[in-house]
Amino acid sequence: MASPLPDRAATRILFAHVAYRLSEAMAARGTGLASHEVRTLEDLKAAMPSADVLVVSGLWRNELLDLAPRLRYVQSIGAGTDQFPKDSFRARRIRLASAQGVNEVAVAEHAIALILALARQLHLARDHQARRHWRGMIGDRAIREDEIGGKTLVIVGLGRIGNRLARLARAFGMRVIGVRRDPALGACAADEVVGQADLSTVLARADVLALTCPLTPETQGLIDAAALAALRPGAVLVNVARGRVVDEPALIAALRSGRLDAAALDCVWEEPMPPDSPLWSFPQVLITPHTAGETRRYEENVLDILLDNLDRLWSGRTDLRNAVV
Ligand code: GLV
């Protein structure tokens, strides 16, 4: 099959990310490929007309499509691809690949770090430190630091990240129940698995509910008021998936009422989180600014997928690694 791209020497690759040094990492590999890097939406718009390949995540806007007559392949910098209009890509014969796997280690480690931080109350310790306050020991056992060994973790989304988290959690002695779209795929690293339809039955056993699923029509709003009410008293929520998997007003209500003990959120409905969001002011909420996937290896991990896919496209192959469209 003919390649959708111009030949190697003529293909123009555009990197668009606010922080990552993708162009620099590519140059260090000595590929000889022509690339350009932008860091703002304005510069991205200006560069779109000459791009054959776009490597992007959060800077993507649907209006960019009409500025890009040459565009044939979009490589997502993120594992999630919920922001891209897949039908429009199909209609315009633009291929899309996710970066699934690039942040598997980082997100799983971040999730276990958040689970440990909530149990050991590191967020509260840091708040005390900021006030130079040496907190006394806690008599009330219901609010004292706790252990995660022996506790039950329910993980929604048993893909690469969820499985890795399951392995880490089991190493800490947790019992792990996975919830996945197709339970016939098995429990993998978890102790048990159920389908999404059985979510409510396992929530009643959860000391920790961790979300590692993609945002899809089936997962949007999955953790609603009823799901939060089904959790064990004293349960905590860890979200390293997407903010919209959780009904945010219901989450805020559950935190206010004490129905949910604490939450660690790497993602929220609106990012950056607006200054007036009530989530900022709960001491029992630990926020990280969508950084679960960050790692110093990020650029190299994305380039591995990008260069593999470029070689496939140049040789006329249609089976992209991590193909989405
Ligand atoms: C991060 O959220 C990603 O999708 O990789």
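None of the values given here were measured: they were computed from a predicted structure.

What counts and what doesn't
Residues numbered from 1 in each chain as written. Predicted model: local features only at pLDDT ≥ 70, side-chain atom pairs only at ≥ 80, totals over all residues. Heavy atoms only, no water. 1 Å grid on protein atoms, 1.4 Å probe; cavity = no way out; pocket = protein on both sides within 12 Å on 5 of 7 lines; lining within 4 Å. Points joined across faces, edges and corners; volume = space filled by probe spheres on them. Helix = DSSP H or I, 4+ residues; strand = E, 2+ residues; numbered from the N terminus. Nonpolar A, V, L, I, M, F, W, Y, C, P; charged D, E, K, R; others polar. Pairing = 2+ DSSP bridges. Axes fitted to C-alpha atoms, helices over the stretch in contact; angles between N-to-C directions. Parallel < 35°, antiparallel > 145°, perpendicular 65-115°, else oblique. Left-handed = near helix turned anticlockwise from the far one by under 90°. Contact = heavy atoms within 4.5 Å.

(A) Summary view of the layout of surface pockets. Approximately 620 Å³ is the volume attributed to the second largest pocket. Lining the second largest pocket are 30 residues, and of these Leu118, Gln121, Arg144, Val236 and Asp261 lie nearest its centre. Among the secondary structure elements, those contributing two or more residues to the lining of the second largest pocket are helix 4 (104-120) and helix 5 (122-130). In the lining of the second largest pocket, the residues fall into 15 nonpolar, five polar and 10 charged.

(B) Layout of empty space enclosed by the protein. Going through the model one piece at a time under the given rule, you end up with one cavity of 30 Å³ or more. There is about 40 Å³ of room inside the largest cavity. Considering the residues around the largest cavity, the lining is formed by Asn239, Gly243, Val246, Glu248, Leu251, Leu265, Cys267, Val268 and Trp269. Residue composition of the lining of the largest cavity, grouped by class: six nonpolar, two polar and one charged.

(C) Up close: the sheet that holds strand 8 (residues 192-195). Pairing is parallel in the open sheet, where seven strands are placed in the order 8-7-6-9-10-11-12. The open sheet has two free edges, formed respectively by strand 8 and strand 12 (285-287), since each of these has just one partner strand. Across this sheet, the average inter-strand angle for adjacent strands is 15 degrees, counted without regard to direction. As paired elements, strand 6 (residues 152-156) and strand 9 (residues 208-211) share four bridges and run parallel to each other. Paired with leucine 153 across the strands is valine 208, a residue of strand 9.

(D) Examining the packing of helix 4 against helix 6 (residues 160-171) more closely. Interhelical geometry of helix 4 versus helix 6 gives an angle of 45 degrees and a closest axis separation of 8 Å. When the interaxial angle is binned, helix 4 and helix 6 end up oblique. Helix-helix and strand crossings are classified by hand; for helix 4 and helix 6 the assignment is right-handed. Listed contacts from helix 6 to Glu104, Val105, Val107, Ala108, Glu109, Ala111, Ile112 and Ile115 of helix 4 are Arg160, Ile161, Arg164, Leu165, Leu168 and Ala169.

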